[in-house]
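Results of the structural survey
Take a look at the letters that make up each chain.
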Amino acid sequence: MNIKENKWTELPDLNTGRYYHSSCSFNESKVFVFCGIEHMTKKYLDTIEFLNLSEKELGWQKFEVNYGEKVTWPLISGRQGLGTCQYDNDSVMLIGGYTQGVFSDESFIIDVETRTFRSKATLPIEAFPFAMPTVSDISNKIVYTVDWSKFKVMKFHEDKWS
């Protein structure tokens, strides 16, 4: 949306239609969409797509996470209702969610440039930040999110949740 002109711009469709996903902007140049439930099959998604706003004509692109040689399975399981935000100038954070009857207590920081995991931290509770605010102060590397079921506010700072 162009706020000065009060005008919306139509963007390309995602490669995979989804709902109950999460999204965030990154350095005012990209938009990321994480996980959710696939529109047609109703199955949980573990995929990430991004749109480079300066190259919209390329459409949404799949964001493949490089898990490294020691990991032979995806660390991010398919889920819905997770929280996401830009963590710092280089990375995004994924928080909690729900899958197959289980609320997650995981959070991940992914480096956008290298597409690698920088860290994983355990939340103080299983969190479902669906439709709740997840915000960050990227200069101080602080993230706040709220669990939907308990309305508990959680803070991530110095590599740990409180």
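So, a few notes on the structure that sits alongside this text. Bear in mind the structure is a predicted one, so any value in this text is a computation, not a measurement.

Brief notes about the overall build of the protein chain
- The number of helices and strands found in the protein chain is 0 helices and 15 strands.
- Against the globule reference of 15 Å for 162 residues, the protein chain gives a C-alpha radius of gyration of 16 Å, in line with a compact fold.
- Along the longest, intermediate and shortest principal axes, the C-alpha atoms of the protein chain span 40 × 35 × 35 Å.
- Counting the 162 residues in the protein chain, one finds 40% classified as buried.
- Across the protein chain, contacts joining residues at least 24 apart in sequence account for 43% of those joining residues at least 6 apart.
- The average position of the 18 basic charges and that of the 22 acidic charges among the side chains of the protein chain differ by 3 Å.

Quick look at the sheet that holds strand β15 (residues 160-161)
- The 4 strands lie next to each other as β12-β13-β14-β15, forming an open sheet whose pairing is antiparallel. Two strands bound the open sheet, and with one partner strand each, they are β12 (134-137) and β15.
- Bridge count for β12 against strand β13 (residues 142-146) is 4 bridges, and the pairing is antiparallel. Counted as the bridge partner of Asp137 is Ile142 from β13.

A look at the sheet that holds strand β3 (residues 30-34)
- Ordered in space as β2-β3-β5-β6, the 4 strands form an open sheet in which the pairing is antiparallel. Two strands in the sheet have a free side with no partner beyond their single neighbour: β2 (22-26) and β6 (61-62).
- As defined by bridge partners, β3 adjoins strand β5 (residues 48-52) across 5 bridges and the pair is classed as antiparallel. Each bridged residue has a counterpart across the sheet, and for Phe32 the counterpart in β5 is Phe50.

Considering the layout of surface pockets
- Volume-wise, the second largest pocket comes out at about 160 Å³.
- Considering the residues around the second largest pocket, the lining is formed by 10 residues, among which Asp46, Phe63, Glu64, Val65 and Tyr67 are closest to the centre.
- Across the lining of the second largest pocket, the residue classes break down as 6 nonpolar, 1 polar and 3 charged.

Side note on the pattern of salt bridges
- All chains considered together, the criterion is met by 6 salt bridges.
- Between Lys62 and Glu64 there is a salt bridge, and its shortest N-O distance comes to 3.6 Å.
- Judged by relative accessible area, which is 49%, Lys62 ranks as partly exposed.
- Using a relative accessible area of 47% as the deciding quantity, one classes Glu64 as partly exposed.
- Salt-bridge contacts for Glu106 lead to Arg79; the nearest nitrogen and oxygen are separated by 2.8 Å. Of this pair, Glu106 sits in strand β10 (residues 102-111) while Arg79 sits in the loop between β6 and β7 (83-86); the two residues are 27 residues apart in sequence, bridging distant segments of the chain.
- Taking relative accessible area as the criterion, Glu106 reaches 19% and is therefore assigned buried.
- Since its relative accessible area comes to 3%, Arg79 is described here as buried.

What to know about the nonpolar core
- Phe32, Phe34, Ile48, Phe63, Val92, Leu94 and Ile110 are the most contacted members of the largest nonpolar core, which has 16 residues in total.
- Broken down by secondary-structure element, the contributors of at least two residues to this core are β2, β3, β5, β8 (91-95) and β10.
- Look past the residues within four positions of Val92 in its chain and what remains in contact with it is Cys24, Phe26, Phe34, Cys85, Gln86, Tyr87, Phe108, Ile109, Ile110 and Val112.
- Counting residues in hydrophobic clusters, the runner-up holds 13 residues, among them Tyr87, Met93, Ile95 and Ala121.

Calculation rules
- Residues numbered from 1 in each chain as written.
- Predicted model: local features only at pLDDT ≥ 70, side-chain atom pairs only at ≥ 80, totals over all residues.
- Heavy atoms only, no water.
- Helix = DSSP H or I, 4+ residues; strand = E, 2+ residues; numbered from the N terminus.
- Rg over C-alpha atoms; globule rule 2.2 N^0.38 Å.
- Buried < 20%, exposed > 50% of the residue type's maximum accessible area, 1.4 Å probe, protein only.
- Contact = heavy atoms within 4.5 Å.
- Lys, Arg positive; Asp, Glu negative; His and termini not counted.
- Charge placed at Lys NZ, Arg CZ, Asp CG, Glu CD.
- Pairing = 2+ DSSP bridges.
- 1 Å grid on protein atoms, 1.4 Å probe; cavity = no way out; pocket = protein on both sides within 12 Å on 5 of 7 lines; lining within 4 Å.
- Points joined across faces, edges and corners; volume = space filled by probe spheres on them.
- Nonpolar A, V, L, I, M, F, W, Y, C, P; charged D, E, K, R; others polar.
- Salt bridge = Lys/Arg side-chain N within 4 Å of Asp/Glu carboxyl O.
- Core = buried A, V, L, I, M, F, W, Y, C linked by side-chain atoms within 4.5 Å.

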